[in-house]
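Now for the letters of each chain:
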Amino acid sequence: MNNITDTVKHLIIINVVMFVGTLTIGGSAIGSNTLFYDWFALHFPQNSAFQFWQIITHMFMHGGFMHILFNMFALWMFGTAVEQRFGAKKFLFFYMSSGLGAALCMIGYYYFTFYSGLNTLTDAGVDKTQILETLNSGMYNTQWQQIMGAADMQQFVSVFNSTMVGASGAIMGVLVAFGMLYPESKLMLMFLPVPIKAKYFIPGIIALDLISAITGQSFFSPGNTAYVAHIGGALTGFLIMWYWKKTQFNKNRWD
């Protein structure tokens, strides 16, 4: 895995260029209404800041130096080995599909959360159009809190104003592919120097993400990590791998 493959190299370059853009054009802090994040981070589709290209561009955006450092390290380490087995075109299709699957799962989760709150308000007689206009103006009505409660209203408003960035969903798909292609390879965490086979290590990481998504308890990542997106990327990667293996798709690259 010492020799980086072409597609992985180009993906890393694009990510770095986009990150430099956030530092030089739009600032580096998510949530500060900065230009680059307004354009390229993935916003909630009901938010007026949402644009269709954000479904792709958010995969090349990152929220800080450590965020991009860990993601690009993982992309180099695991993506190179996977691309060597897949070839460039197949790897790029797999990577982008995993990222899209992650985004769709996250949006689906946000829609469920948002519309649960929206239905509570409309059932209480609040006009839906008025709610969306108020949220898109950057405000909210304090009377909503009396209807849905403080915690639910905070989550309702937070989902509407959410932004999603990062290559983590796509990389989780790549991790799954690595585990299925190289199950006996031994991996270990930097703070837990015990080698564990990939066929156990990677499902363990996914299980921790699932626990974090359900409980909100973070193990290795910041509290604002999109765990549902991680699971979506891993699930998409697994389904593609399962289908390709079952149909022996491009079999000469597997043997």
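What you see is a predicted model; the values in this text were computed from it and never measured. (Residues numbered from 1 in each chain as written. Predicted model: local features only at pLDDT ≥ 70, side-chain atom pairs only at ≥ 80, totals over all residues. Heavy atoms only, no water.)

Caption draft 1: The arrangement of the environment of Ser162 in detail. Along the chain, the position of Ser162 falls in the loop between helix H8 (150–160) and strand S2 (163–164). Put simply, Ser162 and Pro45 are 117 residues apart on the chain and 10.0 Å apart in space, counted from C-alpha to C-alpha. Excluding its chain neighbours within four sequence positions, the residues that come into contact with Ser162 are Leu42, His43, Phe44 and Tyr110. For Ser162, the side chain forms a polar contact with the main-chain oxygen of Val159, separated by 2.7 Å. (Helix = DSSP H or I, 4+ residues; strand = E, 2+ residues; numbered from the N terminus. Contact = heavy atoms within 4.5 Å. Polar contact = N/O pair within 3.5 Å; in protein donor to acceptor, adjacent residues only side chain to side chain.)

Caption draft 2: Summary view of the environment of Thr5. Summarising the element assignment, Thr5 is placed in the segment before helix H1 (6–24). For the pair formed by Thr5 and Ala88, sequence separation is 83 residues and the distance between their alpha carbons is 8.3 Å. In contact with Thr5, other than residues within four places in its own chain, are Gly79, Thr80, Glu83 and Gln84. A distance of 2.4 Å separates the side chain of Thr5 from the side chain of Glu83, its partner in a polar contact.

Caption draft 3: Focus on the UniProt feature "transmembrane region" (unreviewed entry) in the chain. Residues given the UniProt feature "transmembrane region" (unreviewed entry) here are residues 12–32, 52–79, 91–112, 156–179, 200–220 and 226–244. Segment residues 91–112 splits into 100% helix and 0% strand. End C-alpha atoms: 32 Å apart. From the first C-alpha to the last, residues 226–244 spans 27 Å; its make-up is 95% helix and 0% strand. (UniProt positions renumbered as here; feature names shortened; annotations may be inferred.)

Caption draft 4: Summary view of the nonpolar core. Counting 44 residues, the largest nonpolar core has Leu75, Val82, Phe86, Phe91, Tyr95 and Phe178 as the members making the most contacts within it. Where this core is concerned, the elements lending two or more residues are H1, helix H2 (35–40), helix H4 (65–86), helix H5 (88–123), helix H9 (168–181), helix H10 (198–215) and helix H11 (227–247). If one sorts the elements of this core by residue count, H9 sits on top with 9 residues. Counting 24 residues, the second-largest nonpolar core is a separate cluster that includes Leu42, Ile107, Ile131 and Met148. (Core = buried A, V, L, I, M, F, W, Y, C linked by side-chain atoms within 4.5 Å. Buried < 20%, exposed > 50% of the residue type's maximum accessible area, 1.4 Å probe, protein only.)

Caption draft 5: Structural detail: H4. In this model H4 runs 30 Å from its N-terminal to its C-terminal C-alpha over 22 residues, within 8% of the 32 Å that 1.5 Å per residue would give. Most pronounced at Gly79, the bend in H4 amounts to some 35°. Among all positions of H4, only Ile68, Asn71, Met72, Ala74, Leu75, Phe78, Gly79, Thr80, Ala81, Val82, Glu83 and Phe86 are buried. (Expected span 1.5 Å × (residues − 1). Bend = angle between axes of the 7 residues up to and from the residue.)

Caption draft 6: Focus on H11. Under the 1.5 Å per step criterion, the end-to-end length of H11 is 30 Å for 21 residues, consistent within 8% with the ideal 30 Å. Of the positions making up H11, those classed as buried are Tyr227, Val228, Ala229, His230, Gly232, Gly233, Ala234, Thr236, Gly237, Ile240, Met241 and Trp244. On its buried face, H11 is in contact with H4, H5, S2, H9 and H10.

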